[in-house]
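# Structural description and commentary
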Amino acid sequence: LAKDRGRARFEVFDDDLRGRIDRRLDTEIALRSAVELGQIETWYQPIVDLRERKVVATEALARWRRPDRGLVMPVEFIPIAEEVGLIKQIGSTILSQACLAATVLERGMAVSVNVSPHQFVRDDFGAVVKRALSSSGLAPNQLWLELTESAVMEAIGSAARTFQELRGIGVRLAIDDFGTGYSSFTHLREFDVDLLKIDVTFVRDIETSAHDRAIVEGVVRLADSLKLDVVAEGIETTGQLELLQAMGCRFGQGYLFSRPAPDASPVVHFEDFLAPSATG
Ligand code: C2E
Ligand code: MG
Ligand code: MG
Ligand code: MG
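Just so we're clear, the structure is a prediction, and the values are computed from it rather than from any experiment.

The rules behind the values
Residues numbered from 1 in each chain as written. Chains lettered and ligands numbered in written order. Predicted model: local features only at pLDDT ≥ 70, side-chain atom pairs only at ≥ 80, totals over all residues. Heavy atoms only, no water. Salt bridge = Lys/Arg side-chain N within 4 Å of Asp/Glu carboxyl O. Helix = DSSP H or I, 4+ residues; strand = E, 2+ residues; numbered from the N terminus. Buried < 20%, exposed > 50% of the residue type's maximum accessible area, 1.4 Å probe, protein only. Axes fitted to C-alpha atoms, helices over the stretch in contact; angles between N-to-C directions. Parallel < 35°, antiparallel > 145°, perpendicular 65-115°, else oblique. Left-handed = near helix turned anticlockwise from the far one by under 90°. Contact = heavy atoms within 4.5 Å. Nonpolar A, V, L, I, M, F, W, Y, C, P; charged D, E, K, R; others polar. Core = buried A, V, L, I, M, F, W, Y, C linked by side-chain atoms within 4.5 Å. Donors = N, O, S within 2.8 Å, 3.2 Å for Na, K, Ca; no water. Expected span 1.5 Å × (residues − 1). Arc of directions from axis to C-beta.

In total, this model carries 17 salt bridges according to the counting rule given. Residue E59 is joined to K197 by a salt bridge in which the shortest nitrogen-to-oxygen separation is 2.8 Å. Here the residue E59 occupies a position in strand β2 (residues 54-66), and K197 occupies one in strand β7 (residues 195-198), the gap between them amounting to 138 residues. Residue E59 is classed as buried on the basis of its relative accessible area of 5%. In this structure, K197 and E233 form a salt bridge, with 3.8 Å as the shortest nitrogen-oxygen distance. Here E233 lies in the loop between β8 (229-232) and α11 (238-247) and K197 lies in strand β7, a separation of 36 residues in the sequence.

As structure tokens, this is what we get:
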């Protein structure tokens, strides 16, 4: 009896696994054609200056418009794209769409583009960026590139030159999801970045957790003493906003200001949640 049950369970597991492999393969095939058919879209979410009450940049976020399934989020396809070698193509598409969209933004506003470690370590990544800039006409200092700590980690090896090359042409470099990777401090020492983005997981509970509040405040101070800009990700409530402002966090991003949208320059109604700034 026990044996029968064990076997039944095994078969259930087996079916489940097979189902997952099939779905994964479906996704891979569909993703390949989506890239060819131009079904990868770029959406945008503003990054705001909490002190000056203005939008300073907009982050490009990939979306897959899948005809049979609707809009697919990056968590469902970026890892697959990385695994099967499609990220280079998707990444270049997003980069050129974002640079082009940024040329019609209000003067001085930047566009911030996520870069996968797989893109960054390629020898031609510097050339890809230069091409996106020259074909759009966007000024290099209006382009920010967001690298996760694992990408920066890779840069310690072969891609260090790419890093210097990009800085050399005036592109601004950010560490995304700061604090979630390994040896964050090593990265700060080895690489000359311009900006830190504090991961949403640290910001989420600052209203209830003194511990998380201390961590965020620590990162804000660290950024300040290193003369780096700092962006708090995932701001959803006015309570979080007020705490971040009190800590001296200059920039922020989150649903409170705007959800990601297809338009590169969404309207943010600062008067809804930010008291008039002292600077007027
Ligand atoms: P990320 O770069 O850290 O982007 C921030 C994520 O937080 C976005 O999710 C954004 O929609 C979400 N977010 C924004 N405001 C809030 C908020 O107030 N609360 C919460 N809970 N979340 C908020 P999204 O668009 O699903 O992207 C997820 C991740 O996928 C990104 O994290 C990034 O790592 C990756 N990704 C997105 N687009 C690209 C891309 O073009 N290339 C690469 N390589 N990765 C991308
Ligand atoms: Mg990002
Ligand atoms: Mg992030
Ligand atoms: Mg993230």
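Moving on from the model shown.
Once that is clear, we can look at the packing of helix α5 (residues 125-136) against helix α7 (residues 160-169). Running from N to C, α5 and α7 point in directions that differ by 25°, and their axes come no closer than 9 Å. The pairing of α5 with α7 is recorded here as roughly parallel in orientation. For the pair α5 and α7, the sense of crossing is right-handed. Residue-level inspection shows F125, G126, V129, K130 and L133 of α5 in contact with α7, the latter providing T162, E165, L166 and I169. For the contact of α5 with α7, the per-class residue count stands at five nonpolar, two polar and two charged.

Membership of the largest hydrophobic core comes to 74 residues, with the highest contact counts inside it found for L143, L145 and L196. Counting residues per element, this core draws most heavily on helix α3 (residues 87-102), at eight residues. With sequence-adjacent residues up to four places away left out, L145 is seen in contact with L95, V113, V115, F125, V129, L166, V171, R172, L173 and A174. Within the second largest apolar cluster, nine residues are counted, among which are I47, A174, V231 and F251.

Here the magnesium ion (ligand 3) is held by the protein donor atoms D176 (OD), D177 (OD), E233 (OE) and E233 (OE), which lie 2.0 to 2.5 Å from it. Sequence positions of the residues that donate to the magnesium ion (ligand 3) give the spacing D-D-x55-E. Separating the magnesium ion (ligand 3) and the magnesium ion (ligand 2) is a distance of 3.9 Å, and D176 donates to both of them. Look at D177 and you get partly exposed, because its relative accessible area is 23%.

Here we take up α3. Its 16 residues place the ends of α3 22 Å apart at the C-alpha level, agreeing with the 22 Å of an ideal helix rising 1.5 Å per residue. Every buried residue of α3 is listed here: I87, I90, G91, I94, L95, A98, C99, A101 and A102. Within α3, the buried residues cover an arc of 160° as seen down the axis, which keeps them to one side.

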